[in-house]
Amino acid sequence: DTAVSQTPKYLVTQMGNDKSIKCEQNLGHDTMYWYKQDSKKFLKIMFSYNNKELIINETVPNRFSPKSPDKAHLNLHINSLELGDSAVYFCASSQDLGPRQTQYFGPGTRLLVL
Amino acid sequence: DQQVKQNSPSLSVQEGRISILNCDYTNSMFDYFLWYKKYPAEGPTFLISISSIKDKNEDGRFTVFLNKSAKHLSLHIVPSQPGDSAVYFCAAPEAGNMLTFGGGTRLMVKP
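Now for a description of the structure that goes with this document. On a predicted model such as this, the values are computed, not experimentally measured, just so you know.

1. Quick notes on the interface of chain B and chain A
How large an interface is tends to be reported as the accessible area lost when its parts come together.
Phase 1 of the analysis: Opposite the 20 residues of chain B that make contact, chain A presents 24 residues.
Phase 2 of the analysis: Interface area, chain B with chain A, both sides summed: about 1,800 Å², of which 60% is carbon and sulfur.
Phase 3 of the analysis: Together, N97, M98 and F101 of chain B form the three largest contributors to the area buried by chain B at its contact with chain A, with a combined 31%.
Phase 4 of the analysis: Counting every contact that joins chain B to chain A gives one salt bridge.
Phase 5 of the analysis: Linking R100 of chain A and D31 of chain B is a salt bridge whose minimum nitrogen-to-oxygen distance equals 3.7 Å.
Phase 6 of the analysis: Mapped onto the side of chain B that touches chain A, the elements with two or more residues apiece are strand 4 (32–38), strand 5 (45–51), strand 9 (86–93) and strand 10 (99–101) of chain B.
Phase 7 of the analysis: Of the residues forming the side of chain B that touches chain A, the biggest block, three residues, is contributed by strand 4 of chain B.
Phase 8 of the analysis: Classifying every residue of the side of chain B that touches chain A gives eleven nonpolar, six polar and three charged.

2. Details of the state of the cysteines
A covalent bond between the sulfur atoms of two cysteines is what we call a disulfide.
Residues and elements named next belong to chain A.
Phase 1 of the analysis: Taken as a whole and judged by the stated rule, the model has two disulfides over all chains.
Phase 2 of the analysis: Covalent S-S linkage joins C23 and C91, the inter-sulfur distance amounting to 1.8 Å. Judged by the sign of its S-S torsion, about -75°, the bond between C23 and C91 is left-handed. You can see C23 sitting in strand 3 (residues 19–25) and its partner C91 sitting in strand 9 (residues 87–94), a full 68 residues away along the chain.
Phase 3 of the analysis: For C23, a relative accessible area of 1% corresponds to the buried category.
Phase 4 of the analysis: For C91, a relative accessible area of 0% puts it in the buried group.

3. Considering the pairing of strand 9 of chain A
If a strand is regular, its side chains alternate between the two faces of the sheet.
Residue and element names in this part refer to chain A.
Phase 1 of the analysis: In terms of residue burial, strand 9 counts as a mostly covered element, since eight of its eight residues are buried.
Phase 2 of the analysis: A two-sided burial pattern is seen for strand 9, the buried positions comprising A87, Y89, C91 and S93 on one face and V88, F90, A92 and S94 on the other.
Phase 3 of the analysis: With three bridges connecting them, strand 9 and strand 11 (residues 109–113) associate as antiparallel partners. What sits directly across from A87, in strand 11, is L111.
Phase 4 of the analysis: Judged from the two bridges that link them, strand 9 and strand 10 (residues 104–105) form a sheet pairing that is antiparallel. Considered in strand 10, the bridge of S93 is made with Y104.

4. Focus: the pattern of salt bridges
Phase 1 of the analysis: Across all of its chains, the model carries six salt bridges over all chains by this definition.
Phase 2 of the analysis: A salt bridge links R63 of chain A to E82 of chain A, with the shortest nitrogen-to-oxygen separation between them at 3.5 Å. With R63 of chain A in the loop between strand 6 (53–56) and strand 7 (64–70) and E82 of chain A in the loop between strand 8 (73–78) and strand 9, the pair connects residues that are 19 residues apart, well separated along the chain.
Phase 3 of the analysis: The exposure class assigned to E82 of chain A is partly exposed, which follows from its relative accessible area of 41%.
Phase 4 of the analysis: R61 of chain B is paired through a salt bridge with D84 of chain B; the nearest N and O atoms lie 2.8 Å apart.

5. Things to note about the layout of surface pockets
Phase 1 of the analysis: Of the voids in this model, the largest pocket is the one considered here, and its volume is about 740 Å³.
Phase 2 of the analysis: Sorting the residues of the lining of the largest pocket by element identifies strand 5 (43–50) of chain A together with strand 10 of chain B as the ones contributing at least two each.
Phase 3 of the analysis: Looking at which element gives the most residues to the lining of the largest pocket, the answer is strand 5 of chain A, with four residues.
Phase 4 of the analysis: In the lining of the largest pocket, the residues fall into 13 nonpolar, five polar and seven charged.
Phase 5 of the analysis: Here the second largest pocket is characterised by a volume of approximately 410 Å³.
Phase 6 of the analysis: Along its surface, the second largest pocket is lined by 22 residues, and Q37 and K41 of chain A together with K38, V87 and R106 of chain B are the ones closest to its centre.
Phase 7 of the analysis: Of all elements in the fold, only strand 9 of chain A together with strand 9 and strand 11 (105–110) of chain B reach the threshold of two or more residues within the lining of the second largest pocket.
Phase 8 of the analysis: Per-class residue counts for the lining of the second largest pocket are eleven nonpolar, six polar and five charged.

Rules used throughout
- Residues numbered from 1 in each chain as written.
- Chains lettered and ligands numbered in written order.
- Predicted model: local features only at pLDDT ≥ 70, side-chain atom pairs only at ≥ 80, totals over all residues.
- Heavy atoms only, no water.
- Contact = heavy atoms within 4.5 Å.
- Buried area = accessible area lost by both parts, 1.4 Å probe.
- Salt bridge = Lys/Arg side-chain N within 4 Å of Asp/Glu carboxyl O.
- Helix = DSSP H or I, 4+ residues; strand = E, 2+ residues; numbered from the N terminus.
- Nonpolar A, V, L, I, M, F, W, Y, C, P; charged D, E, K, R; others polar.
- Disulfide = S-S within 2.5 Å.
- Buried < 20%, exposed > 50% of the residue type's maximum accessible area, 1.4 Å probe, protein only.
- Pairing = 2+ DSSP bridges.
- 1 Å grid on protein atoms, 1.4 Å probe; cavity = no way out; pocket = protein on both sides within 12 Å on 5 of 7 lines; lining within 4 Å.
- Points joined across faces, edges and corners; volume = space filled by probe spheres on them.

If you want it as structure tokens, here you go:
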């Protein structure tokens, strides 16, 4: 019973394309996140989303947009993909926005932009 | 400009010995810290945390120490086991519970 799942696991695409990564959590959590792990293995927060409240890391380009159809899902849309977008993207969730809430991570989506 | 740093990219330890992983931070507003463990091709999993009102937190073989004056924390694993071989990240939450991670330390425990 996977708590946080992501699809697809692997995504290979051409520069300039638009793509989406899906995330679902079955933990009943209110808050979801997207993180990016770059080629140097640094994990960086991209977004935090809670009940329509979106907090964006200021370094994230506006080509990236999270979309939440319901509380259990937070999808990541990426427009006009660039080579530098190649990375592993992790979705996570927590009970709420409280700073001491444990975050549970999905297995990651490996994106390769050619 | 990293606010959380792990200066040792890797550490190799013999099974049964102690593993000590270090983490430094620059933001004095951080008041809570976490350690996550990550196996290849998996997402990070929560290991242990510590509040800034404490200087030590223990959970089984894992102990985290916090030295606020030095802005330094460390994770001790005793005794180390081969299954502990993974990448360990320290992290601190900012606004919106968004975690700022260190660069990670790859721990290898040799049988």
